[in-house]
Amino acid sequence: MTTASAPAPAVAAPAVTLAGADATTRRGAGPRVRRRGGRAWLGLTPFAAYVLLFLAVPAVIAVGSGFTTSDGAFTLANLAAFAEPSVLRAFVGSFGLSAVSAVIGAVIGAVICWALSALRPDGLVRSMIDSAASVLAQFGGVMLAFAFIATIGAQGLVTTWLVAVFHVDLNANGAFLYTVPGLVIPYVYFQVPLMVLTFMPAIEGVKAQWGEAAATLGASRLTYWRRIALPVLAPAFWGSLLLLFANGFSSFATAAALISQGGIVPLTIRTQLTSETLIGLQNVAGVLAFGMVVVMAIVMGAYSLLQRRAARWQR
């Protein structure tokens, strides 16, 4: 009995020693971890300063100007600009242009993503398409406008070729490219690659095992897509569609290079900044900026909710 009970203290002692050493290690590492986290936050300072100075402050000033008079006093009278026919037409034009270009870009981009899903993710073709989508999604402004002017403008290459060969004049009823409906064509140009970038992760999240399991249970290919794949992809698709809508709604440079007058909200804001055209109202540009902020907040809030739901299937 004495021999069996003697080793007990010897076994317990190392355990206590290890526990004490581990606690000491944690106490010693605590300040270092906190200091490391502080340095990480310090590294975000330049980006935070950029966001504050070049995004947040101008946005607040622009929106706030819509609620002030010429003397700087607070007023809500400027909100009457939303009832003006020209402002309503601008919002209708922006909504229509953004919706049409977003739907076309989303459908074409989804088909491209479905075709790319059959390629190897690390293959040459897939890498080239991913790189091209990343570049073309940001290709806009004056360069894109000039490319389409040279292609389908009044004297563009495609325009003159269609007239010479098929006797079809794209501009028979006026310069189509320089109208709000004509903006759909250059907008789709950068909406499609943006859809490829945002929707491709959702396509890759659809596991092949789901189709195999459905086929094992006797489901047809159509049933698999209707009951499994499409419901899983729906939140990501609608979220990407909203992102494309927001992208088209906020685009300015391409439209400004093609259209000199209003027709959409960003161009109307430019017109109001250069010359107040609504009699009896002040700071209409700030009111329009406030309207755009409200629309973008609603759209991006819905996008965030859909992305959170779609992320459950991509884990």
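Structural notes on the packing of helix α4 (residues 85-116) against helix α12 (residues 265-274)
Across the interface, α4 lies against α12 with an axial gap of 8 Å and an inter-helix angle of 145°. Counting all contacts with α4, which are made through Ala90, Phe91 and Ser94, the residues of α12 involved are Val265, Pro266 and Thr268. Residue composition of the contact of α4 with α12, grouped by class: 4 nonpolar, 2 polar and no charged.

Section: the pattern of salt bridges
When their charged atoms lie close together, side chains carrying opposite charge are able to pair. Under the counting rule described, the total for this entry stands at 3 salt bridges. Across the pair Arg126 and Asp130 runs a salt bridge, and its minimum N-O distance is 3.3 Å. One end of the pair, Arg126, and the other, Asp130, are both in helix α5 (residues 124-136), 4 residues apart, so they sit about a helical turn from each other. The exposure class of Arg126 is buried, given its relative accessible area of 4%. Measuring nitrogen to oxygen at the nearest pair gives 2.2 Å for the salt bridge that ties Arg126 to Glu204. In this pair, Arg126 is assigned in helix α5 and Glu204 in helix α8 (residues 184-205), connecting sequence segments 78 residues apart. On the basis of relative accessible area, Glu204 is assigned to the partly exposed category, the value being 45%. The network of salt bridges with common partners includes Arg126, Asp130 and Glu204.

Some points on α12
Of all 10 residues making up α12, 7 are buried, and the element is well covered by its neighbours. Along α12, the residues that are buried comprise Val265, Pro266, Leu267, Thr268, Ile269, Thr271 and Gln272. Where the residues of α12 are buried, they touch α4, α10 (221-250), α11 (253-258) and α13 (284-310).

Focus: unusual backbone geometry
Although it is not a glycine, His167 sits at a positive phi angle of roughly 55°. Turning to its location among the elements, His167 is positioned in the loop between α7 (157-166) and α8.

Remarks on a nonpolar patch on the surface
Together, Phe47, Tyr50, Leu52, Leu53, Phe54, Leu55, Val57 and Ile61 give the surface a local cluster of nonpolar side chains, amounting to about 850 Å² of exposed area. When you line up the elements, Leu52 lands in helix α3 (residues 45-65). Overall, the relative accessible area of 48% leaves Leu52 in the partly exposed class.

Rules behind the numbers
Residues numbered from 1 in each chain as written. Predicted model: local features only at pLDDT ≥ 70, side-chain atom pairs only at ≥ 80, totals over all residues. Heavy atoms only, no water. Axes fitted to C-alpha atoms, helices over the stretch in contact; angles between N-to-C directions. Helix = DSSP H or I, 4+ residues; strand = E, 2+ residues; numbered from the N terminus. Contact = heavy atoms within 4.5 Å. Nonpolar A, V, L, I, M, F, W, Y, C, P; charged D, E, K, R; others polar. Salt bridge = Lys/Arg side-chain N within 4 Å of Asp/Glu carboxyl O. Buried < 20%, exposed > 50% of the residue type's maximum accessible area, 1.4 Å probe, protein only. Patch = residues over 30% accessible without salt bridge, like charges linked within 9 Å, V, L, I, M, F, W, Y side chains within 5 Å. Areas by Shrake-Rupley, 256 points an atom, 1.4 Å probe, with all protein chains shown as cover.

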